[in-house]
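# Fold and contact review
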Amino acid sequence: PVSLPSAVGQCGNQVGCRFWDLALREHAAVNKKGIYDEALSSFFRNVDTRSGGDGPDIYKGKIRSLKARALLIDMEEGVVNEILQGPLRDVFDSTQLITDVSGSGNNWAVGHKLYGSQYGENIVEKLRKTAEHCDCLQSFFIIHSMGGGTGSGLGTFVLNLLEDEFPEVYRFVTAVYPSGEDDVITSPYNSVLAMKELNEHADCVLPIENESLFDIVNKIHQMVNSGKLGSTVKQNSLVTSSAGSAKTVQEKPFDAMNNIVANLLLNLTSSARFEGSLNMDLNEISMNLVPFPRLHYLVSSLTPLYTLADVNVPSRRLDQMFSDAFSRDHQLIRADPKHSLYLACALLVRGNVQVSDLRRNIERLKPSLHFVSWNQEGWKTGLCSIPPVGHSHSLLALANNTCVKPTFVELRDRFMKLYKKKAHLHHYLHVDGMEQSCFSEAIASLSDLIEEYNELDATKGGPRTDPSRLKIAV
Amino acid sequence: MSIVTVQLGQCGNQIGHEVFNAICSDVRGTHGLCSKKENESYHDACKERFFCEEGAEVPVARAVLVDMEPKVISQTLSMAARSGYWKYGDGSHFCQKQGSGNNWANGYSVHGPRHKEAIMNLVQKEVEKCDRLGGFFTIMSMAGGTGSGLGAFVTQCLRDAFPTSFLLNHVIWPYGTGEVIVQNYNSVLTLSHLYQSSDALLVHENDVIHKICAQLMHIKQISFRDVNQVLAHQLGSVFQPAYRAAGGSHYSRNPLGDLMEKLVPHPEFKMLGLRNIPQMPENSLAYSTFSWPGLIKHLRQMLIANAKMEEGIDWQVRPPPRGSSIPSSHSTNKPLHFNTSIANLVVLRGKDVHSADLGSFQDPSLYTSWLNPQDAFNVWKTPRAFNKYEKSASLVSNSQFLLKPLDNVVGKAWNMFASKAYIHQYTKFGIEEEDFLDSFTALEQVLSSYTSL
């Protein structure tokens, strides 16, 4: 089944660029014969470009020219242009791009209302065209930051479009949330306005925080340079690395962090692309991890962060991988799931791991985790045979846990700090279609969400009384 | 008579493949411990039952493969072909790209009606290849979306299209913890629907087979493949050709019919459990000897004490003394130590099978009073050994075996339903709260019936 990523805004496109690069690397490692197969078709079309430009799709046989199934949207040209001039230029063509020059000025209203109405039709048309090339479109991925103007505003506009035009296709959003020290003053406004859209129109959101990514990068840096490990680390196994991909020199400071997010998406879709003894498709993730429509924010953690060049992997190492997935060091957002309430948890394992390894580790870790009373065995698992590049196995954990609440509460507080003083509001209200009610509705939506988490938290540790069963007349 | 197998979803297809593998490998083996003539007779009976030889180089399994995503079927087809000993028919599979998302409603209400024609056409094709149709054997998991939801729909279609054919559903119960979060919902919906269309549900529990792999087969890193192979062995031990009557001269031609007739006297009681002993790693077989009295004694105690495998049998459990009234337990919370049976079938295969004495299984205190003990118990004895086991004994039982597991599943599902968690995912595809309630009611009825045995 096909997944269609759309990158919106600067952050989204930088992550997107890393994603396509690493996706190609992953498929090259697996697909030795150069045959265009089902796995590749999840993300790439196979096109014969000898006839110039955009040739017809080739569904079988040798790989000719791979084109990413993607949409790249930015209201500034810088990032997209760089992609088109870089080693990935042949993977995209002009029909997949929507750009402008002036940017959104870190203003959600500009992104959502102004550019939304301006480019809406264009975007729909290009989406339809891209979707037409897909044999079976299962999900959309939107990648954007929350704190800016384009990713946040136009990105959530696109989210709305997707729901209207393709109501049956799942919408996953990878959203990068701003930190407290974000240098964009209006990022709380942008984030909260975007949150309302995510609450109402996304099927699943994977919130990411730059600080967590940064911490992971640092941790790896320390490990690699400390000399403590005693063996060399496999370069291409680093979750932050671009080694082996088209981009051989890491130029930008964000590349390492963006690689982490790219790896997240690759692992998330691995079981849908590659075979395994217990497949986990994206629609299954949505089905199992979202017990109530608005509670769809998932904490993600990735392990391992690197693999040593040693070939001998004792099975203790395997269990360590599971423990690490539940360690805060491996999470892509700062939160404390162990001291909050799990609504559901998914474990997507790749590589040479069998069901007994899964079960052993679930049994081992369960006692230290709090699950909501109606989902005490709330585990969803997947086994994909193909490991990521450089690893013999890996694990992606997705948790629907009330630990995201503090992140949202903090966001609300930062928003209120500005809103009470009406700081910078005029920049937003100037934009056609933008009214004060947009703000009040957005903050209400966020408050309602926080309240839903509160209600669940209140059940934690309480007495467990199972509801009485139906009585049947004998 | 031939059996048409319908493999549904990832689980159904993975298991189906192992079943045909096991059957084929058994037939090919020289370990039959019987005369060449006997072997050939077995071979022919097996072929007629499970394979078609329409001029192909290798026998073609009488099977229809259905899945809503392509990867598993693709793998299954190629693995079978690679074996060199058998394969699936070229046009015998149907798949889509989407999957069912572990959503029973999606499998049942969307995929079912949408693909009914295509799937039933494949079934019809397979049926037409049979000289005589002995019935359908469907394999599915009840935890996911396709096997469970689409499987329930297809079962209904099979019943409608072939009202007089035997229909046996092989249902896999997922691990208690963590395969699919909504597995209990899917299970409740599946079981309640199957109960209406199917003749009998033959159940295998992943947890049980897993334990067998760990404790009896001594497998360290147990994979689904390992689990499925043990399962396939157990199924093969029942469905490979067998003599129905003592001193029979030809193999029974109607295995499904025979099974149903013996084991399912009443439509309210359709849950069948399966036990097979001995089970051990292949390389231990050569060093082990078995006696029929020993095997039969163990199997009987496994029945009485509801033991899932040969290790850890509770020998303290005894049938109630004759003539005493058995206090019927109204609450399923009380542990039911003694497993009451409605009917049992024992299938013995191997050396000196005719010397085996099964009088202990005819003890009336094992059974409810509805049937004469002679009718409640049946045995099939076949001298031809199965799958390298010098002696092999299987028990198919319509008893309280599955009472506790069913109660667990219903209980967990009900607990989740009370909070309304995940219900929106089902109503999205047309399964409403009332549908859930109907299913719960139906299963509480089944539980009540089995409890009051």
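Conventions we followed
- Residues numbered from 1 in each chain as written.
- Chains lettered and ligands numbered in written order.
- Predicted model: local features only at pLDDT ≥ 70, side-chain atom pairs only at ≥ 80, totals over all residues.
- Heavy atoms only, no water.
- Helix = DSSP H or I, 4+ residues; strand = E, 2+ residues; numbered from the N terminus.
- Rg over C-alpha atoms; globule rule 2.2 N^0.38 Å.
- Buried < 20%, exposed > 50% of the residue type's maximum accessible area, 1.4 Å probe, protein only.
- Contact = heavy atoms within 4.5 Å.
- Pairing = 2+ DSSP bridges.
- Axes fitted to C-alpha atoms, helices over the stretch in contact; angles between N-to-C directions.
- 1 Å grid on protein atoms, 1.4 Å probe; cavity = no way out; pocket = protein on both sides within 12 Å on 5 of 7 lines; lining within 4 Å.
- Points joined across faces, edges and corners; volume = space filled by probe spheres on them.
- Nonpolar A, V, L, I, M, F, W, Y, C, P; charged D, E, K, R; others polar.
- Expected span 1.5 Å × (residues − 1).
- Phe/Tyr/Trp six-rings, centres within 6.5 Å; stacked < 30°, edge-to-face > 60°.
- Lys NZ or Arg CZ within 6 Å of the ring centre and 35° of its normal.
- Parallel < 35°, antiparallel > 145°, perpendicular 65-115°, else oblique.
- Domains from an automatic or database assignment.
- Buried area = accessible area lost by both parts, 1.4 Å probe.
- Salt bridge = Lys/Arg side-chain N within 4 Å of Asp/Glu carboxyl O.
- pLDDT = per-residue confidence, 0-100.
- Polar contact = N/O pair within 3.5 Å; in protein donor to acceptor, adjacent residues only side chain to side chain.

## What about the overall build of chain B?
On a plain count of helices and strands, chain B comes out with 15 helices and 13 strands. The C-alpha radius of gyration computed for chain B amounts to 21 Å, which stays within 12% of the reference 22 Å derived for 453 residues, consistent with globular compactness. Once the C-alpha set of chain B is aligned to its principal axes, its extents read approximately 60 × 60 × 45 Å. By residue count, 64% of the 453 residues in chain B fall in the buried class.

## Section: the overall build of chain A
Counting its regular elements, chain A contains 14 helices and twelve strands. In summary, chain A has a C-alpha radius of gyration of 22 Å against a globular reference of 23 Å for 474 residues, a match within 12%. Within chain A, the fraction of its 474 residues that count as buried is 62%. Look at the contacts in chain A between residues 6 or more apart in sequence, and 81% of them connect residues 24 or more apart.

## Observations regarding the sheet that holds strand 4 (residues 71-74) of chain A
Residues and elements named next belong to chain A. Across the sheet, which stays open at both edges, the six strands sit in the order 5-4-1-6-7-8 with parallel pairing between neighbours. Two strands lie at the open edges of the sheet, namely strand 5 (97-99) and strand 8 (204-209), each paired on one side alone. Going across the sheet, the axis of each strand differs from the next one's by a mean of 15°, ignoring polarity. As defined by bridge partners, strand 1 (residues 2-8) adjoins strand 4 across three bridges and the pair is classed as parallel.

## Some words on empty space enclosed by the protein
Inspection of the entire model under this criterion finds nine cavities of 30 Å³ or more. In this structure, the largest cavity spans a volume of roughly 470 Å³. Around the largest cavity sit 31 residues that line it, and Leu278 of chain A together with Gln10, Cys11, Asn102 and Gly144 of chain B are the ones nearest its centre. Contributing elements (two or more residues each) for the lining of the largest cavity: helix 1 (9-28), helix 5 (146-161) and helix 8 (224-239) of chain B. The element contributing the most residues to the lining of the largest cavity is helix 1 of chain B, with four residues. Looking at the lining of the largest cavity residue by residue, the class counts come to eight nonpolar, 17 polar and six charged. The computed volume of the second largest cavity comes to approximately 150 Å³. Lining the second largest cavity are 17 residues; nearest its centre among them are Asn263, Asn267, Pro388, Val389 and His391 of chain A. For the lining of the second largest cavity, the elements supplying multiple residues, two or more each, are helix 1 (9-30), helix 8 (253-273) and strand 9 (299-303) of chain A.

## Thoughts on helix 12 (residues 405-420) of chain A
Residues and elements named next belong to chain A. Between the first and last C-alpha of helix 12 there are 22 Å, a value that for 16 residues agrees with the 22 Å anticipated at 1.5 Å per step. Listing the buried residues of helix 12 in full gives Lys405, Thr407, Phe408, Leu411, Arg414, Phe415, Leu418 and Tyr419. Residues of helix 12 that are buried sit in contact with strand 7 (170-177), helix 6 (187-201), strand 8, helix 13 (425-429) and helix 14 (436-458). Once helix 12 ends, the next one or two residues include Lys422, with phi positive near 55°.

## Let's talk about the packing of aromatic side chains
Per the stated rule, a full pass over the model turns up 46 aromatic pairs over all chains. The interplanar angle of 90° and the centroid separation of 6.0 Å between the aromatic rings of Trp20 of chain A and Phe43 of chain A together place this pair among those described as edge-to-face. Note that Trp20 of chain A is positioned in helix 1 and Phe43 of chain A in the loop between helix 2 (38-41) and strand 2 (44-47), a separation of 23 residues in sequence. Across this residue pair, the class does not change: Trp20 of chain A and Phe43 of chain A are buried. Seen from their ring centres, Tyr185 of chain B and Tyr426 of chain B are 5.6 Å apart, and the 85° between their planes marks the pair as edge-to-face. A residue pair is termed long-range when its members are at least 10 positions apart, and Tyr185 of chain B in helix 6 (residues 183-197) and Tyr426 of chain B in helix 14 (residues 423-427) qualify at 241 residues. Cluster of aromatic residues (ring-pair linked, three or more members): Tyr185, Trp414, Phe417, Tyr426, Phe436 and Phe440 of chain B. Here Arg28 of chain B stacks its cationic end above the ring of Tyr85 of chain B, 3.4 Å away from the centre of that ring.

## Here we look at the packing of helix 5 of chain B against helix 6 of chain B
Residues and elements named next belong to chain B. Here helix 5 crosses helix 6 at 5°, and the two axes come no closer than 9 Å. With respect to helix 6, the element helix 5 is oriented roughly parallel. Here Ser148, Ala152, Thr155, Gln156 and Arg159 of helix 5 come into contact with helix 6, specifically with Asn186, Thr190, His193, Leu194 and Ser197. A per-class count over the contact of helix 5 with helix 6 returns two nonpolar, seven polar and one charged.

## Describing unusual backbone geometry
For the bond running from Thr303 of chain A to Pro304 of chain A, omega is -10°, close enough to zero to count as cis. If you trace the backbone, Pro304 of chain A turns up in the loop between strand 9 and helix 10 (315-325). Put simply, Ile277 of chain B and Pro278 of chain B share a cis peptide bond, and its omega is -5°. Counting through the fold element by element, Pro278 of chain B comes out in the loop between strand 10 (271-277) and helix 10 (282-285). Here Lys420 of chain B, not a glycine, exhibits a phi torsion of approximately 65°, which is positive. The backbone of Tyr422 of chain B sits at a positive phi, close to 70°, despite the residue not being glycine. Note on Tyr422 of chain B: relative accessible area 0%, which makes it buried.

## Examining the domain arrangement of chain A
Quite often, the size of an interface is put as the accessible area lost when its parts meet. Residue and element names in this part refer to chain A. Each assigned domain of chain A is listed here: domain 1 (2-224 + 254-406) and domain 2 (407-459). Tallying the contact residues gives 38 residues for domain 1 and 35 residues for domain 2. Around 3300 Å² of area is buried between domain 1 and domain 2 when both sides are counted, 68% of it from carbon and sulfur atoms. Looking at the side of domain 1 facing domain 2, the largest losses of area belong to Tyr189, Val192 and Lys405, adding up to 24% of the total buried there. Here domain 1 and domain 2 share two salt bridges between them.

## Points about the environment of Leu84 of chain A
Residue and element names in this part refer to chain A. Structurally, Leu84 can be placed in helix 3 (residues 78-85). Judged by its relative accessible area of 26%, Leu84 falls in the partly exposed class. Note: C-alpha distance between Leu84 and Cys17 (67 residues apart in sequence) is 10.0 Å. In this structure, Leu84 is in contact with Arg89, Phe92 and Leu97, ignoring residues within four places of it in sequence.

## Here we look at the interface of chain A and chain B
At the junction of the two partners, chain A supplies 59 residues and chain B supplies 53 residues. Carbon and sulfur atoms make up 52% of the surface buried where chain A meets chain B, a total of about 4500 Å² over both sides. Contact with chain B buries surface across chain A, with Met287, Arg469 and Leu470 of chain A losing the most and accounting together for 17% of the total. Applying the counting rule to chain A against chain B returns six salt bridges.

## A few points about the domain arrangement of chain B
When cut into domains, chain B gives domain 1 (2-276), domain 2 (292-322 + 339-399) and domain 3 (404-452). Placing the centre of domain 2 of chain B and that of domain 3 of chain B at their C-alpha centroids yields a distance of 33 Å.

## Side note on the confidence of the model for chain B
Residues and elements named next belong to chain B. For chain B, per-residue confidence averages 92 on the pLDDT scale, and 96% of positions sit at 70 or higher. Low pLDDT (under 50) marks residues 328-335, which in the prediction has five contacts with non-local residues, meaning those over four places away or in another chain. For this predicted complex, the interface score ipTM comes out at 0.91, while the overall pTM is 0.93.

## Some thoughts on the side chain of Asn169 of chain B
All names here are of chain B. With respect to the helices and strands, Asn169 occurs in strand 8 (residues 167-173). In this structure the side chain of Asn169 is engaged in a polar contact, spanning 3.1 Å, whose partner is the side chain of Thr155. Residues within four places of Asn169 in sequence aside, it is in contact with Thr138, Met140, Thr155, Leu194, Ser198, Ala200, Leu201 and Leu202.

## So, the confidence of the model for chain A
Summarising the model, chain A shows a mean pLDDT of 89, and 93% of its residues fall at 70 or more. Looking across chain A, the model is least confident in helix 10 of chain A, with a mean pLDDT of 84, and most confident in helix 6 of chain A, with 97.

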